[in-house]
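Observations on chain architecture
Letter by letter, the chains look like this.
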Amino acid sequence: QVQLVESGGGLVQAGGSLRLSCAASGSIRDIRAMGWYRQAPGKQRELVALINSGGSTNYADSVKGRFTISRDSAKNTVYLQMSSLKPEDTAVYLCNAAALECGGSYYLSRWGQGIQVTVSS
(Lines give C-alpha, C1' and ligand atoms only; values in the text may rest on other atoms or scores of the structure.)
Protein backbone atom coordinates (compact mmCIF):
# COMPACT_ATOMS: atom_id res chain seq x y z
CA GLN A 1 0.00 0.00 0.00
CA VAL A 2 1.08 3.58 -0.65
CA GLN A 3 1.65 5.90 2.29
CA LEU A 4 1.93 9.69 2.14
CA VAL A 5 3.72 11.66 4.85
CA GLU A 6 3.55 15.45 4.99
CA SER A 7 6.06 17.74 6.66
CA GLY A 8 6.90 21.43 6.91
CA GLY A 9 3.79 22.91 8.48
CA GLY A 10 3.69 25.22 11.45
CA LEU A 11 2.95 28.72 12.65
CA VAL A 12 3.94 31.75 10.59
CA GLN A 13 3.06 35.43 10.58
CA ALA A 14 1.01 36.96 7.80
CA GLY A 15 3.23 37.74 4.84
CA GLY A 16 5.59 34.92 5.67
CA SER A 17 6.45 31.73 3.83
CA LEU A 18 6.36 28.00 4.42
CA ARG A 19 7.32 25.00 2.34
CA LEU A 20 5.35 21.78 2.63
CA SER A 21 6.67 18.42 1.51
CA CYS A 22 4.87 15.16 0.93
CA ALA A 23 6.76 11.93 0.36
CA ALA A 24 5.06 8.83 -0.99
CA SER A 25 6.38 5.40 -0.05
CA GLY A 26 5.37 1.78 -0.26
CA SER A 27 4.66 -0.52 -3.15
CA ILE A 28 4.53 2.19 -5.80
CA ARG A 29 4.46 1.32 -9.46
CA ASP A 30 3.50 4.74 -10.73
CA ILE A 31 2.04 8.03 -9.54
CA ARG A 32 -0.06 9.93 -12.05
CA ALA A 33 -0.78 13.13 -10.16
CA MET A 34 -0.05 14.62 -6.78
CA GLY A 35 -1.66 17.54 -5.09
CA TRP A 36 -2.48 19.51 -2.01
CA TYR A 37 -5.88 20.13 -0.48
CA ARG A 38 -6.79 22.05 2.66
CA GLN A 39 -9.58 22.05 5.15
CA ALA A 40 -10.28 24.84 7.60
CA PRO A 41 -12.52 24.37 10.65
CA GLY A 42 -16.18 24.34 9.65
CA LYS A 43 -15.36 24.42 5.95
CA GLN A 44 -15.27 21.86 3.17
CA ARG A 45 -12.04 20.42 1.90
CA GLU A 46 -10.80 22.38 -1.10
CA LEU A 47 -8.19 21.90 -3.77
CA VAL A 48 -5.10 24.07 -3.39
CA ALA A 49 -2.83 22.85 -6.19
CA LEU A 50 -2.27 19.85 -8.46
CA ILE A 51 0.63 18.66 -10.57
CA ASN A 52 0.49 15.76 -13.01
CA SER A 53 3.22 13.45 -14.23
CA GLY A 54 3.91 15.76 -17.17
CA GLY A 55 4.45 18.74 -14.92
CA SER A 56 1.21 20.55 -15.70
CA THR A 57 -0.17 22.45 -12.73
CA ASN A 58 -3.51 23.73 -11.55
CA TYR A 59 -4.15 26.18 -8.71
CA ALA A 60 -7.09 27.46 -6.75
CA ASP A 61 -7.78 31.09 -7.62
CA SER A 62 -7.19 32.08 -4.01
CA VAL A 63 -3.54 30.96 -4.11
CA LYS A 64 -2.49 31.81 -7.65
CA GLY A 65 0.63 33.92 -7.68
CA ARG A 66 1.43 33.07 -4.05
CA PHE A 67 1.80 29.27 -3.98
CA THR A 68 3.94 27.07 -6.21
CA ILE A 69 3.61 23.30 -6.49
CA SER A 70 6.52 21.20 -7.70
CA ARG A 71 7.38 17.56 -7.89
CA ASP A 72 10.43 15.30 -7.73
CA SER A 73 9.22 12.19 -9.51
CA ALA A 74 12.40 10.26 -8.76
CA LYS A 75 11.70 10.73 -5.04
CA ASN A 76 7.90 10.45 -5.31
CA THR A 77 7.73 13.75 -3.49
CA VAL A 78 5.60 16.83 -4.00
CA TYR A 79 6.27 20.27 -2.59
CA LEU A 80 4.14 23.32 -1.94
CA GLN A 81 5.98 26.61 -1.60
CA MET A 82 3.66 29.07 0.08
CA SER A 83 4.48 32.78 0.12
CA SER A 84 2.65 35.95 1.13
CA LEU A 85 0.61 33.86 3.52
CA LYS A 86 -2.66 35.22 4.82
CA PRO A 87 -4.66 34.31 7.93
CA GLU A 88 -7.29 32.79 5.65
CA ASP A 89 -4.71 30.25 4.51
CA THR A 90 -4.90 28.70 7.98
CA ALA A 91 -6.02 25.09 7.60
CA VAL A 92 -4.98 21.48 7.72
CA TYR A 93 -3.16 20.77 4.48
CA LEU A 94 -3.50 17.28 3.06
CA CYS A 95 -1.43 15.60 0.39
CA ASN A 96 -3.10 13.46 -2.25
CA ALA A 97 -1.71 11.11 -4.87
CA ALA A 98 -3.26 9.08 -7.66
CA ALA A 99 -1.09 5.99 -7.33
CA LEU A 100 -0.82 2.65 -9.07
CA GLU A 101 0.47 0.04 -6.66
CA CYS A 102 2.60 -2.94 -7.57
CA GLY A 103 0.27 -5.70 -8.69
CA GLY A 104 -2.63 -3.29 -9.00
CA SER A 105 -4.77 -2.53 -12.03
CA TYR A 106 -6.16 0.89 -11.14
CA TYR A 107 -4.88 4.20 -9.93
CA LEU A 108 -6.20 4.80 -6.44
CA SER A 109 -6.50 8.04 -4.51
CA ARG A 110 -4.32 8.07 -1.42
CA TRP A 111 -4.27 10.69 1.32
CA GLY A 112 -1.77 11.80 3.90
CA GLN A 113 -2.85 12.42 7.47
CA GLY A 114 -2.61 16.18 7.09
CA ILE A 115 -0.46 18.89 8.56
CA GLN A 116 -1.46 22.10 10.30
CA VAL A 117 -0.60 25.49 8.83
CA THR A 118 -1.48 28.48 10.99
CA VAL A 119 -1.03 32.06 9.80
CA SER A 120 -1.26 34.73 12.48
CA SER A 121 -2.32 38.28 11.74
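Notes on the structure follow.

What about the state of the cysteines?
Within the structure shown, the criterion is met by one disulfide. Shown here is the disulfide that connects Cys-22 with Cys-95, its sulfur atoms set 2.0 Å apart. Looking down the S-S bond of the Cys-22 and Cys-95 bridge, the torsion is -85°, so its handedness is left-handed. Residue Cys-22 is located in strand 3 (residues 18–26), and its partner Cys-95 is located in strand 9 (residues 91–101); the two are separated by 73 residues in the primary sequence. By relative accessible area, which is 0% here, Cys-95 ends up buried. Cys-102 carries a free sulfur, and the closest cysteine sulfur to it, the one in Cys-22, is 18 Å from it.

So, the packing of aromatic side chains
By the definition in use, this model includes one aromatic pair. With a centroid separation of 5.0 Å and an interplanar angle of 65°, the aromatic rings of Tyr-37 and Trp-111 are classed as edge-to-face. Taken together, the positions of Tyr-37 in strand 4 (residues 28–39) and Trp-111 in strand 10 (residues 107–111) put the pair 74 residues apart, joining distant regions of the chain. Judged by relative accessible area, Trp-111 falls into the partly exposed class, the value being 36%. Seen from the ring of Tyr-107, Arg-32 lies directly overhead, with NZ or CZ sitting 3.8 Å from the centre. Sitting over the ring of Trp-111, Arg-45 keeps its end group 4.5 Å from the ring centre.

Remarks on the pattern of salt bridges
In total, this model carries five salt bridges according to the counting rule given. The shortest N-O distance in the salt bridge between Lys-64 and Asp-61 comes to 3.1 Å. Classification of Asp-61 by relative accessible area gives exposed; the value is 66%. Asp-89 is paired through a salt bridge with Arg-66; the nearest N and O atoms lie 2.7 Å apart. One end of the pair, Asp-89, is in the loop between strand 8 (77–82) and strand 9; the other, Arg-66, is in the loop between strand 6 (57–59) and strand 7 (67–72), with 23 residues separating them in the sequence. Both residues of the pair, Asp-89 and Arg-66, belong to the buried class. Taken together, the shared-partner salt bridges connect Arg-38, Glu-46, Arg-66 and Asp-89 into one network.

Here we look at the nonpolar core
One finds Trp-36, Leu-80, Met-82 and Tyr-93 to be the most contacted residues of the largest nonpolar core, which totals 32 residues. For this core, the element with the most residues is strand 9, which contributes five residues. If we ignore the near neighbours within four places in the chain, the residues touching Tyr-93 are Glu-6, Leu-20, Trp-36, Tyr-37, Arg-38, Val-48, Phe-67, Leu-80, Met-82, Gly-114, Ile-115 and Val-117.

About the thresholds
Residues numbered from 1 in each chain as written. Predicted model: local features only at pLDDT ≥ 70, side-chain atom pairs only at ≥ 80, totals over all residues. Heavy atoms only, no water. Disulfide = S-S within 2.5 Å. Helix = DSSP H or I, 4+ residues; strand = E, 2+ residues; numbered from the N terminus. Buried < 20%, exposed > 50% of the residue type's maximum accessible area, 1.4 Å probe, protein only. Phe/Tyr/Trp six-rings, centres within 6.5 Å; stacked < 30°, edge-to-face > 60°. Lys NZ or Arg CZ within 6 Å of the ring centre and 35° of its normal. Salt bridge = Lys/Arg side-chain N within 4 Å of Asp/Glu carboxyl O. Core = buried A, V, L, I, M, F, W, Y, C linked by side-chain atoms within 4.5 Å. Contact = heavy atoms within 4.5 Å.

Interpretation in functional terms is not warranted from these geometric data alone.
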